[in-house]
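Fold and contact review
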Amino acid sequence: MKRAWLVTNEFLNTEKYSELNMWLVRAAQLYNIELVVKTNAELLVDLSDDSAIRNIVEIERPEFVLFWDKDIRLASFLESLSIKVYNSSKAIEICDNKAMTHIALNQKNIKMPKTIIAPMTYPNIGFTNYDFVEVMKKQLTYPIVVKECFGSFGQQVYLAHDDFELMECMKKIGAKPFLFQEYVKSSFARDIRLNVVGDQVVATMYRYSDHGDFRANISNGGKMKQFEPTNQQKQLAIDCVKELGLDFAGVDLLFGENEEPIVCEVNSNAHFKNIYDCTGINVAEHIMGYICKKQNLL
């Protein structure tokens with residue numbers, strides 16, 4: 001049996017994350033792969049003396065690393081040891097930062113909401129003036145979506161209906177990087193999640209909220225149902241994965257006017273338990289099959 005590593009975060013050790021890890025381990029077994037769980041704390045990178053981690057690599061020498069975390073520094077270091085990492089450190093880095101995701105997709109003319117990236121400031125300084133907000137408001141009209149650049153499950157996404165709410169959002173965010181975005185009214189409380197592996201959409205679900213929240217995330221109380229995506233929706237999701245250099249991802253699409261698909265976000269480490277409950281499709285098995293094929297392990 002071949003051996004590979006599943007790298008996870010030492011400090012995300014709740015039942016929810018442990019269950020996802022075991023899904024991946026079991027999926028690997030279907031392809032005769034022993035997927036050994038390693039945490040980012042176990043693989044501590046000591047740049048002054050990296051002999052410890054090099055010894056681990058040399059002794060165990062994984063066929064590949066399935067990197068189920070966002071510790072891009074560790075992912076980059078493993079790549080420097082000539083280990084194939086899925087997804088790559090660069091792709092994870094771009095997807096983890098919503099601003100960088102939109103910059104990358106904008107260069108490829110991917111359809112997205114109009115987006116304006118807030119200028120960076122420092123925690124001990126904050127914003128000493130708000131002239132940039134007035135410039136932004138000439139391009140976007142209320143309500144305005146405000147998103148922290150780093151966040152998951154829709155928990156760092158806000159909707160400002162006026163100047164007061166906008167300032168409250170910005171005070172809450174503080175010096176953390178964020179962006180302003182056009183509110184897509186036609187997609188209020190609904191979106192679709194497409195799980196892409198390689199150049200195929202392997203599973204899709206429709207997410208919706210019936211309690212007044214503009215976000216449709218399941219973790220925020222949203223609901224889900226099976227959905228058959230159009231060819232246009234599938235191609236847009238596949239294009240996102242390709243342009244961002246990903247091997248697999250969860251792509252969230254909004255419904256524009258006349259149901260035209262618009263990219264909301266791309267998730268490099270998309271959870272797959274909900275989409276399995278909704279569709280019965282095990283995305284973990286598709287991911288492992290794709291990796292094993294690329295690694296010539298089938």
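See above for the structure.
For the structure given in this document, a descriptive report is provided here. The structure presented is a predicted model; accordingly, all values stated were derived computationally and were not measured.

1. Considering a nonpolar patch on the surface
- On the surface, a cluster of nonpolar side chains totalling about 230 Å² of accessible area is made up of Met100, Ile103 and Ile117.
- Relative to the assigned elements, methionine 100 resides in helix 5 (residues 98-106).
- Judged by its relative accessible area of 39%, methionine 100 is partly exposed.

2. Focus on the pairing of strand 9 (residues 190-197)
- Within strand 9, 8 of the 8 residues are buried, which leaves the element mostly enclosed by the surrounding structure.
- Here strand 9 shows no split at all, with Arg190, Ile192, Leu194 and Val196 on one side and Asp191, Arg193, Asn195 and Val197 on the other all buried.
- Two elements, strand 9 and strand 10 (residues 200-208), share 8 bridges in a ladder whose sense is antiparallel. In the strand pairing of strand 10, arginine 190 is matched with tyrosine 208.
- Remark: 2 residues form the turn of the hairpin made by strand 9 and strand 10, two consecutive strands paired antiparallel; glycine 198 in that turn has positive phi of roughly 65°.

3. Quick look at the nonpolar core
- Core analysis: the largest hydrophobic core is formed by 30 residues, its most contacted members being Leu35, Phe64, Leu66 and Phe272.
- The residues touching phenylalanine 272, leaving out its near neighbours within four places in the chain, are Leu20, Trp23, Leu24, Trp68, Val283 and Ala284.
- Counting residues in hydrophobic clusters, the runner-up holds 24 residues, among them Cys95, Leu194, Ile238 and Val263.

4. Considering the sheet that holds strand 6 (residues 144-148)
- Spatial strand order, 5-8-6-7: 4 strands in an open sheet with antiparallel pairing. Two strands in the sheet have a free side with no partner beyond their single neighbour: strand 5 (115-117) and strand 7 (157-160). Direction aside, neighbouring strands of the sheet carry axes that sit 25° apart on average.
- Pairing between strand 5 and strand 8 (residues 178-182): 3 bridges, direction antiparallel. If you follow isoleucine 116 over to strand 8, its bridge partner there is phenylalanine 180.

5. With respect to the state of the cysteines
- Taken as a whole, this structure holds 0 disulfides when the rule is applied.
- Cysteine 264 provides the cysteine sulfur closest to cysteine 149, a residue in no disulfide bond, and the two sulfurs are 13 Å apart.
- The exposure class assigned to cysteine 149 is buried, which follows from its relative accessible area of 2%.
- Note on cysteine 278: no disulfide assigned, nearest cysteine sulfur contributed by cysteine 264 at a separation of 18 Å.

6. Focus on the pairing of strand 1 (residues 2-8)
- The buried fraction of strand 1 is high, at 5 of 7 residues.
- One ladder, built from 7 bridges, connects strand 1 with strand 2 (residues 33-39); its direction is parallel. Its bridge partner being in strand 2, threonine 8 is matched across the sheet by threonine 39.
- Handedness of the strand 1-helix 1 (residues 15-29)-strand 2 crossover: right-handed.
- Inspection of the sheet shows strand 1 paired to strand 3 (residues 65-67) by 3 bridges, in the parallel sense. The residue of strand 3 that forms the bridge with valine 7 is phenylalanine 67.

7. Regarding the packing of aromatic side chains
- Tallied over the full model, the rule gives 15 aromatic pairs.
- Taking 5.9 Å as the distance between ring centres and 50° as the angle between the ring planes, the aromatic pair formed by tyrosine 206 and phenylalanine 255 counts as tilted. Highlighted residues: tyrosine 206 in strand 10 and phenylalanine 255 in strand 12 (residues 248-255), separated in sequence by 49 residues. Across this residue pair, the class does not change: tyrosine 206 and phenylalanine 255 are buried.
- Taking relative accessible area as the criterion, phenylalanine 255 reaches 3% and is therefore assigned buried.

8. Let's talk about the environment of glutamate 259
- Checked against the element boundaries, glutamate 259 lands in the loop between strand 12 and strand 13 (261-267).
- Classification of glutamate 259 by relative accessible area gives partly exposed; the value is 40%.
- Taking the C-alpha atoms as reference, glutamate 259 lies 8.6 Å from serine 187; in sequence the two are 72 residues apart.
- A polar contact of 2.8 Å, which involves the side chain of glutamate 259, links it to the side chain of arginine 190.

Scoring rules and cut-offs
- Residues numbered from 1 in each chain as written.
- Predicted model: local features only at pLDDT ≥ 70, side-chain atom pairs only at ≥ 80, totals over all residues.
- Heavy atoms only, no water.
- Patch = residues over 30% accessible without salt bridge, like charges linked within 9 Å, V, L, I, M, F, W, Y side chains within 5 Å.
- Areas by Shrake-Rupley, 256 points an atom, 1.4 Å probe, with all protein chains shown as cover.
- Salt bridge = Lys/Arg side-chain N within 4 Å of Asp/Glu carboxyl O.
- Helix = DSSP H or I, 4+ residues; strand = E, 2+ residues; numbered from the N terminus.
- Buried < 20%, exposed > 50% of the residue type's maximum accessible area, 1.4 Å probe, protein only.
- Pairing = 2+ DSSP bridges.
- Core = buried A, V, L, I, M, F, W, Y, C linked by side-chain atoms within 4.5 Å.
- Contact = heavy atoms within 4.5 Å.
- Axes fitted to C-alpha atoms, helices over the stretch in contact; angles between N-to-C directions.
- Disulfide = S-S within 2.5 Å.
- Right-handed = clockwise from strand over helix to strand, strands pointing away.
- Phe/Tyr/Trp six-rings, centres within 6.5 Å; stacked < 30°, edge-to-face > 60°.
- Polar contact = N/O pair within 3.5 Å; in protein donor to acceptor, adjacent residues only side chain to side chain.

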